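Structural description and commentary
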Amino acid sequence: MSKLIRFALLYAGIAAAAPPSGVAIRNARIVTVAGPTIEKGVVIVRGGLIEQVGADLSIPADVWTIDGQGLTVYPGLIDALSTIGLPDAAPAAAPAGRAGAGRPTAIAPATGAPGAAATPPARGPEDRPSTTSWQNAADLAQPTDRRIETFRNGGFTSVGAFPMRGIFAGQGALLNLAGDKAGQMVIASPLGQYITLASSGFSGGFPGSLMGAIAYIRQVYIDADQYKAAKALYAKNPRGLTRPDYDRALEGVLESPRALLPASRAVEIARMIRFGEELKQPFILYGLNEGYRSADLLKQAGAPVLVSLKWPEKTRDGDPEEVETLRALETRASAPGTPAALARAGVMFAFYTDGVATPRDVMKAVRKAIDAGLTQDDAVRAMTLSAAKIYGLEDRLGSVEKGKIANLVVTKGDLFQDKTEVKYVFVDGQKFEPAEETPAPPSRQRETQ
Amino acid sequence: MNRFAVALMLAWPLLAASNDTFLLKNVTVHPVTGPDIANGMILVENGRIAEVGPKVAAKGARVVDGKGLHAYPGMIDSATQVGLAEISSVRETVDTNELGDFNPQLRALVAVNPESEHLPVVRANGITTVMTLPFQAGGGGMRGGASTTLIAGQGALIHLDGWTWEDLEVRRGAAMQLVFPSLETRSFRMESMSMARTPFAEVKAAYEKRLKDLTEFFEEARRYQQAKKGGAPGFQPDLKFEAMLPVLEGKMPVMVLAARERAIRDAIQFADKQKIRIVIAGAREYGKTLADLKAKGIPVVASPTLELPLNEDDPYDSAYTVPAELYKAGVKFAFATFNVQFARNLPYQAATAVAFGLPYQEALKALTVNPAEIWGVSDQIGSIDKGKWADLMLTDGDPLEARTQIKALYIKGKQVELTNRHTKLFEKYMNRP
């Protein structure tokens, strides 16, 4: 028996194990995102893919049918930048645009072989400090992360998962939020290199400052260029040539198709646009708290951006006598206007959850953007098709279209309404029904007080 | 004084003993406490001012003609580390900031180095007296200035000329320095080189604990006072509590370093409860406490005016206008630099305040007679009045003006050198071949 036939049989076996071979949702409102919304239509899902979408479709006999009367079908939501699905992931650090912006980022040892003595503090770029560029989210993915279920129940079907510690933190992968094995989760990899401006402070060696971090990133990209050329030359004719040293930090950088650069404040956005252009690499900016001030600049630069849904908030536990700065008040009031401003200017943007803990809070954050002028359609797009496009995956994700991966969310009510219920979530065609949400029990503390 | 001594002094005026006797004439006298006297005379006897007026009899004293010059009382800087700190980055030359919460027994006076290079530098600008403090300011609620000290020791009022600290003394134990606990949710973390936030509840608890410690220390001192008075059996002398007695008896004021409204408010409350005299020092924000300060007669050592605004959104002139605010509220205040070498800029601190709303005469008072009153030495220094030490500066103009030159300086009637490290270096490099 030829290998091919055995292979086909193997897959047929799996398919046969899942009785009725597909699901059809009929009578539903379908927000395709890619095209016009179908007010009453049918989606047929089979083999993990969207088989058919349309207003008048005959439903095959061998599929389960779901009556979608009063329901809306959306493409599954994508968290464009996340640590969901990765082990030991610290809550997504706020983009450390400058030393002190976010919480101090723990630095992963750059060359810490297991059991090795603690590495001495780095003295320069040659020590590749805070660099784990070779780490790949696809290799780190863990289906046991509890946040997978929490977010899937809220309508999220995939995430752009990235390691987030260090300056060159590592490569991201697009993960589906379902699967028993890590390998089943991975849709695409690598997505890009996640870069922060984490500096080590006084004690941790180079780089200890913002200028040091930026100089380091610049040096690594120059080194990578050189390394690539040297390797190519050597591969062509190794005889008589000294072989270039293997450098996994540069390998990791070269493998990444794009750089993700932190930029929250307007000055940081301007700076990172200039820096990104200098790197001669496709780049994406993430953060964008003050994106409302930089929409035109971003449009001109043509770089896509990922907008954090963690809008600046008043510090809890703050000093009641402390007077807040005008700048803090302004950013807090205006940041949710960023998506609307970007949409008006025609900048390609997607949302990311940035450590917002629950899908409910994420939706609340999106509503804030909608209240600040973003259209409902643009909001949906920013969480679906735009995210897919930014990573070059619009051929398989992000819309309800024939042939795409069957990632869908079916809701009762508009996606962003407070009382909307997520009825079904499809990930790779697999149907999930979020448990009925029980109202949270009233806090005991409050009762006794 | 015999004739022979006088003759000696005429020949070598710079070697004169401190208790000089002479008549200064042809000067515009600015006594500060009274109207100016054009073409006035000042008779100095044994280092003290014996007579001031338009016409004073020489009584055989040497006559010094100060034609065209102005005579002002020497200026007083109410918060410095002059004589205690030489080079801030060389640990061995800095004799401040002892460790521990309560060190009332520490006396700045005995630690003063009369040979400090800073003394001649500072006095060259007309400053004859400074309050030198055992604790470098910066705590007391200043951002990031969480200090480990509460009672830092006794500040000393010193003259800026003398062979020994005994010579320098104007008043030892002029004030007990208290660094009021600060309550700041934001602090600088060295490890991450960033401002970090601590929850308010947490800092508040720590703040209250510090206040409690402080109260308890005062109560203990009071028990010690009782025990001593009552001759309790087994009574043991204790330097710390012994040093607190003048404070508890109201003889020594407590100089409270407090930067913000909350600290001032709490310090006033604390003083009421403990029935002690306090002077608020170094505050940048008074808020609603001004009325209280006025009502309770609590004087203030103003924070330096030549500073950046404290908060991001403060007006650019927020530090410049503080003295004018104090004046308008009727609070008695004195100027201070909270510095060592830059104590020489004291008159310009005042000048900035004048440019931003403080009446000129008030500025002059806050450099001379106000601090003398606040530190309880107004019978000794602070104005050109009969009976006071002859701490005089002779200028060619308004001392608040940066271009004005100090032509001569007298401390306790003795003319002191105006040359200093700066002028020596100036000479040296001007004459470089």
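What you see is a predicted model, and the numbers here were worked out from it, not measured in a lab.

Residue and element names in this part refer to chain A. Segmentation of chain A into domains returns domain 1 (1–75 + 398–436) and domain 2 (77–395). Counting from both sides, the interface comprises 21 residues of domain 1 and, opposite them, 26 residues of domain 2. Of all elements in the fold, only strand S5 (72–75), strand S16 (408–412), strand S17 (421–427) and strand S18 (430–432) reach the threshold of two or more residues within the side of domain 1 that touches domain 2. At three residues, the largest contribution of residues to the side of domain 1 that touches domain 2 is made by S17.

Further remarks concern the domain arrangement of chain B. Residue and element names in this part refer to chain B. Domain boundaries in chain B define domain 1 (1–74 + 382–433) and domain 2 (77–378). Spacing between the C-alpha centres of domain 1 and domain 2 amounts to 31 Å. Of all the secondary structure elements, the ones that give two or more residues to the side of domain 1 that touches domain 2 are strand S16 (392–395), strand S17 (406–411) and helix H13 (421–430). In terms of residue class, the side of domain 1 that touches domain 2 is built from eleven nonpolar, eight polar and five charged.

Residues and elements named next belong to chain A. The step from Ser189 to Pro190 runs through a cis peptide bond, and the omega angle for that step is -10°. Residue placement: Pro190 occurs in the loop between strand S10 (186–188) and strand S11 (193–195). The omega torsion across Phe206 and Pro207 is -10°, close enough to zero to call that bond cis. Along the chain, Pro207 falls in the loop between S11 and helix H5 (210–236). A positive phi is found at Ser130, a non-glycine position, where the angle reads about 50°. Exposure remark for Ser130: the 27 C-beta atoms within 10 Å place this residue in the buried category.

This next bit is on the packing of helix H5 (residues 200–230) of chain B against helix H6 (residues 239–248) of chain B. All names here are of chain B. Their axes nearest at 9 Å, the elements H5 and H6 cross at an angle of 95°. Between H5 and H6, the crossing angle belongs to the class labelled roughly perpendicular. Contacts from Glu220, Ala221, Arg222, Tyr224 and Gln225 of H5 reach H6 at Phe241, Met244, Leu245 and Leu248. Class assignment for the residues of the contact of H5 with H6 results in six nonpolar, one polar and two charged.

The rules behind these values
Residues numbered from 1 in each chain as written. Chains lettered and ligands numbered in written order. Predicted model: local features only at pLDDT ≥ 70, side-chain atom pairs only at ≥ 80, totals over all residues. Domains from an automatic or database assignment. Contact = placed C-beta atoms within 7 Å. Helix = DSSP H or I, 4+ residues; strand = E, 2+ residues; numbered from the N terminus. Nonpolar A, V, L, I, M, F, W, Y, C, P; charged D, E, K, R; others polar. Buried ≥ 20, exposed ≤ 12 C-beta atoms within 10 Å, placed from the backbone. Axes fitted to C-alpha atoms, helices over the stretch in contact; angles between N-to-C directions. Parallel < 35°, antiparallel > 145°, perpendicular 65-115°, else oblique.

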